[in-house]
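Given next are the chains, with one letter for each unit.
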Amino acid sequence: MRYPADVCPFAALPVRPEVGDRADLASLAGPGAVVAFAAVDIEPPEDWRVVARIPGVQLVDDGVAAVPAEGAVRLGPADAAEMLSLVERTKPGPFALRTFEMGTYLGIRREGELIASCRPAR
């Protein structure tokens, strides 16, 4: 399985992938595609190439009081290019043209420029 590439680069395989599973993902992704796996330590088949291994952590809201940010606005399709520009400058992690479709994103603008965005906890 995988998200559409313009939503998110993540893909998934079974815990113990078989040859057919990898072939199915390769077919789904297409030639030359890059897919990302989260929280796994698998060795790819010989004809796959690792382009990066990035250690990370999963942030979990464990009782943090949610407080509305002054001036926060809901972001949507009209804001996608500006969100991508912010991502390019700050490098927070995978974000593609349609990532905002995964849920509500809020943004803060200063002098008309998007300076922060986030997907609030549910």
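The present account deals with the structure reproduced in this document. This structure is a prediction, so every number in the text was calculated from the model and none was measured.

## A short note on the nonpolar core
Nonpolar side chains in soluble globular proteins tend to end up buried together.
Okay, so step 1: Counting nine residues, the largest nonpolar core is built from Leu-75, Ala-80, Met-83, Leu-86, Val-87, Phe-95, Phe-100, Tyr-105 and Leu-114.
Okay, so step 2: Ranked by residue count, the leading element in this core is helix 2 (residues 80–90), at four residues.
Okay, so step 3: When neighbours within four sequence positions are excluded, Met-83 is seen to be in contact with Leu-75, Phe-95, Phe-100, Tyr-105 and Leu-114.

## Quick word on unusual backbone geometry
Okay, so step 1: Unlike most non-glycine residues, Lys-91 shows phi in positive territory, near 55 degrees.
Okay, so step 2: Mapped onto the elements, Lys-91 comes out in the loop between helix 2 and strand 2 (105–110).
Okay, so step 3: Even without being glycine, Glu-111 reaches a positive phi, approximately 50 degrees.

## Topic: the pairing of strand 2
Okay, so step 1: Across three bridges, strand 1 (residues 73–75) lies against strand 2 in antiparallel orientation. When the bridges of strand 2 are listed, Arg-74 appears paired with Leu-106.
Okay, so step 2: Bridge count between strand 2 and strand 3 (residues 113–118): five bridges; the pairing is antiparallel. By the bridge assignment for strand 3, Gly-107 is matched with Ser-117.
Okay, so step 3: In this antiparallel pair of consecutive strands, strand 2 and strand 3, the connection spans two residues, and Glu-111 shows a positive phi of 50 degrees.

## Things to note about the environment of Leu-114
Okay, so step 1: Considering the arrangement of structural elements, one finds Leu-114 in strand 3.
Okay, so step 2: Exposure remark for Leu-114: the relative accessible area of 1% places this residue in the buried category.
Okay, so step 3: Taking the C-alpha atoms as reference points, Leu-114 and Gly-63, 51 residues apart in sequence, are found 28 Å from one another.
Okay, so step 4: Excluding residues that lie within four positions of it along the chain, Leu-114 makes contacts with Leu-75, Glu-82, Met-83, Leu-86, Arg-89, Gly-107, Ile-108 and Arg-109.

Rules behind the numbers
Residue positions are given per chain, counted from 1 along the sequence in the order it is written. Side-chain atom pairs in this predicted model are given and counted only at pLDDT of 80 or more, local residue features only at pLDDT of at least 70, and totals for whole chains, interfaces and linings cover all residues. Based on all heavy atoms of the structure, the side-chain values leave hydrogens and waters out of the count. Only buried residues count toward a nonpolar core, which is a set of Ala, Val, Leu, Ile, Met, Phe, Trp, Tyr and Cys residues joined through side-chain atoms within 4.5 Å. Partly exposed residues are those whose accessible area sits between 20% and 50% of the maximum for their type, while under 20% is buried and over 50% is exposed, using a 1.4 Å probe and protein chains only. Secondary structure elements are taken from DSSP: a helix is a run of H or I of four residues or more, a strand is a run of E of two residues or more, and numbering for both begins at the N terminus. Whether two residues are in contact is decided by their heavy atoms, any of which lying within 4.5 Å being enough. Here a strand pair is declared whenever DSSP counts at least two bridges between the two strands.

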